[in-house]
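If you want the building blocks of each chain, they are given just below.
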Amino acid sequence: MKTYKIAVIEGDGIGSEIIREGIKVIDAVSQLNDFEIEWIKYPNGAEYYLKTGELISIHTLEEIKSNCDAIYLGALGDPRVEPGILEKGILLKMRFYFDQFINLRPIKLLEGVDCPLKNKGPKDIDFTVVRENTEDFYVGLGNRADIGNTKQELEVIRNLYSVKFKLDIDAKKEKIAYQIGVLSKAGCQRVIKYGFELAKKQGKKRITFVDKANVLSSMYLFWREIVKDVSKNYPDIEYEFNFVDAITMWFVKQPEYYQVVVAPNMFGDIITDLGAMIQGGLGLAPGGNINPNGISMFEPIHGSAPKYKNMNIANPIATIWAGALMLEEIGQKESKDIIVKAIEKLLTEKKIRTKDLGGTNTTSDVGDEIKKLVLRTS
Ligand code: IPM
Ligand code: MN
């Protein structure tokens, strides 16, 4: 029997409760489809950081790299830790270390879910956002400089390249703060190509690239040139550019227009929270951090919701769905389809739902029911 090893990081807040349900459902589907998962738990998160001072060690990263087929992540973030420490020190660290350059976020309104947009249904909201996941303003190059002269050196090290900035800042009259975004040619090429390939695989005819080329032109005219160049290999797919502000309007006004949307890291972050809302809420939005030739990591788009910790009320569907995406990535597409169908069945039955969807059921009720529906698949 095929056995996969999956690293599990439950993380903070509701992390352990939602991951528990994901594992429950995946273990059920693995019985049907004759494979096995060995779950290897790692304690990283706020509690562990407060106890040991360690975010995630190189030893852990290397161990996951040599041992595991994928990573299943709950959520990170805790009020006891300053914002950004866990996010950057664990989540972004892993995205960069494993070079998970794609953040795949399906924006799909499932059957049985009310859409907050008037007169829109499951047929209207069904597209995929491909978010670049390693570059842009997420490279972490930024600082403050006092009035006067300051010299600063900033460096980005990636698998593809490294780049150093030697800044000689002369700030007159005012203190300043700055942030540098970086796009590399190879970094753009690979995410753009991934978008076109995805469109091809899904039989889609149009792909939309997001930017803000009217203002941040040095970055995004570069991006556009690379899009135009890569597009030559895909003559059957129509491509276009949307400004990020405009696309937020169109997601609300005419979501049915979109098929595949490719965005640089930060704009992709922002538009996928909007995407999550039009697909019924954050409790229903999964994501995959993908390295097509390496180790990918799957997580819900939502955060750790610390105020709901240990209450067994969070909606586990985003995490269960993320688990399904993970199964597809490791080669168990049929299992993914079974889980997504079971989620849809649960949602259309409208009997068991958590508070965010207007119900009174617990996190575990939802997991138990999805498990039951999965096992009922013949
Ligand atoms: C997300 C989150 C992260 C991001 C944060 C927690 C660093 O918002 O996965 O969308 O900005 O990528
Ligand atoms: Mn986000």
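So, how was this worked out
- Residues numbered from 1 in each chain as written.
- Chains lettered and ligands numbered in written order.
- Predicted model: local features only at pLDDT ≥ 70, side-chain atom pairs only at ≥ 80, totals over all residues.
- Heavy atoms only, no water.
- Pairing = 2+ DSSP bridges.
- Helix = DSSP H or I, 4+ residues; strand = E, 2+ residues; numbered from the N terminus.
- Right-handed = clockwise from strand over helix to strand, strands pointing away.
- Axes fitted to C-alpha atoms, helices over the stretch in contact; angles between N-to-C directions.
- Parallel < 35°, antiparallel > 145°, perpendicular 65-115°, else oblique.
- Contact = heavy atoms within 4.5 Å.
- Expected span 1.5 Å × (residues − 1).
- Buried < 20%, exposed > 50% of the residue type's maximum accessible area, 1.4 Å probe, protein only.
- Core = buried A, V, L, I, M, F, W, Y, C linked by side-chain atoms within 4.5 Å.
- Domains from an automatic or database assignment.

Colleague: Explain the pairing of strand 11 (residues 238-243) to me, using residue names and the numbers behind them.
Modeller: Along any regular strand the residues' side chains alternate between the sheet's two faces. In terms of strand pairing, strand 10 (residues 206-211) meets strand 11 through 6 bridges, oriented parallel. The residue bridging isoleucine 207 from the neighbouring strand is tyrosine 239, located in strand 11. The handedness of the strand 10 to strand 11 crossover, carried by helix 6 (residues 217-231), is right-handed.

Colleague: Give me the lowdown on the packing of helix 1 (residues 15-32) against helix 11 (residues 363-375), citing residues and values where you can.
Modeller: Put simply, helix 1 and helix 11 touch, their axes get as near as 9 Å, and they point 10° apart. Viewed along their axes, helix 1 and helix 11 adopt a mutual orientation that is roughly parallel. Where helix 1 abuts helix 11, its residues Glu17, Arg20, Glu21, Lys24, Val25, Ala28, Val29, Gln31 and Leu32 lie against Thr363, Ser364, Gly367, Asp368, Ile370, Lys371, Val374 and Leu375.

Colleague: Any details on helix 1? Residues and values, ideally.
Modeller: When the terminal C-alpha atoms of helix 1 are compared, their 26 Å separation across 18 residues agrees well with the 26 Å that a helix rising 1.5 Å per residue should span. Turning to helix 1, its buried residues are Gly15, Glu17, Ile18, Ile19, Glu21, Gly22, Ile23, Val25, Ile26, Ala28, Val29 and Ser30. Downstream of helix 1 by a residue or two, aspartate 34 has a phi angle that is positive, lying close to 65°.

Colleague: Please provide a residue-by-residue account of the sheet that holds strand 5 (residues 126-132), values included.
Modeller: The 10 strands lie next to each other as 2-1-3-14-13-4-5-12-10-11, forming an open sheet whose pairing is mixed. The sheet terminates laterally at strand 2 (35-42) and strand 11, the two strands that pair on one side only. Along the sheet, successive strands turn relative to each other by an average axial angle of 25°, direction set aside. Sheet analysis places strand 3 (residues 70-75) next to strand 14 (residues 296-300), joined by 3 bridges and oriented parallel. Paired with isoleucine 71 across the two strands is methionine 297, which belongs to strand 14. Sitting on the sheet, helix 7 (residues 244-253) touches strand 5, strand 10, strand 11 and strand 12 (260-263), and the angle it makes with strand 11 is about 105°. The strands touched by helix 9 (residues 317-329) within the sheet are strand 1 (2-11), strand 2, strand 3, strand 4 (102-108), strand 13 (286-290) and strand 14, with strand 14 carrying the most contacts at an inclination of about 160°.

Colleague: So what's going on with the nonpolar core? Residues and values would help.
Modeller: In terms of nonpolar packing, the biggest core is built from 83 residues, with Ile192, Ile339 and Ile370 touching the most fellow members. Considering each element in turn, this core owes the most residues, 8 residues, to helix 9. Counting contributing residues, this core receives three or more from each of domain 1 (1-110 + 280-378) and domain 2 (115-135 + 183-279). In contact with isoleucine 339, not counting residues within four places along its chain, are Val25, Ile26, Val29, Ile320, Ala324, Leu327 and Val374. By size, the runner-up hydrophobic cluster in this structure holds 21 residues, among which are Leu61, Ile64, Val81 and Ile295.

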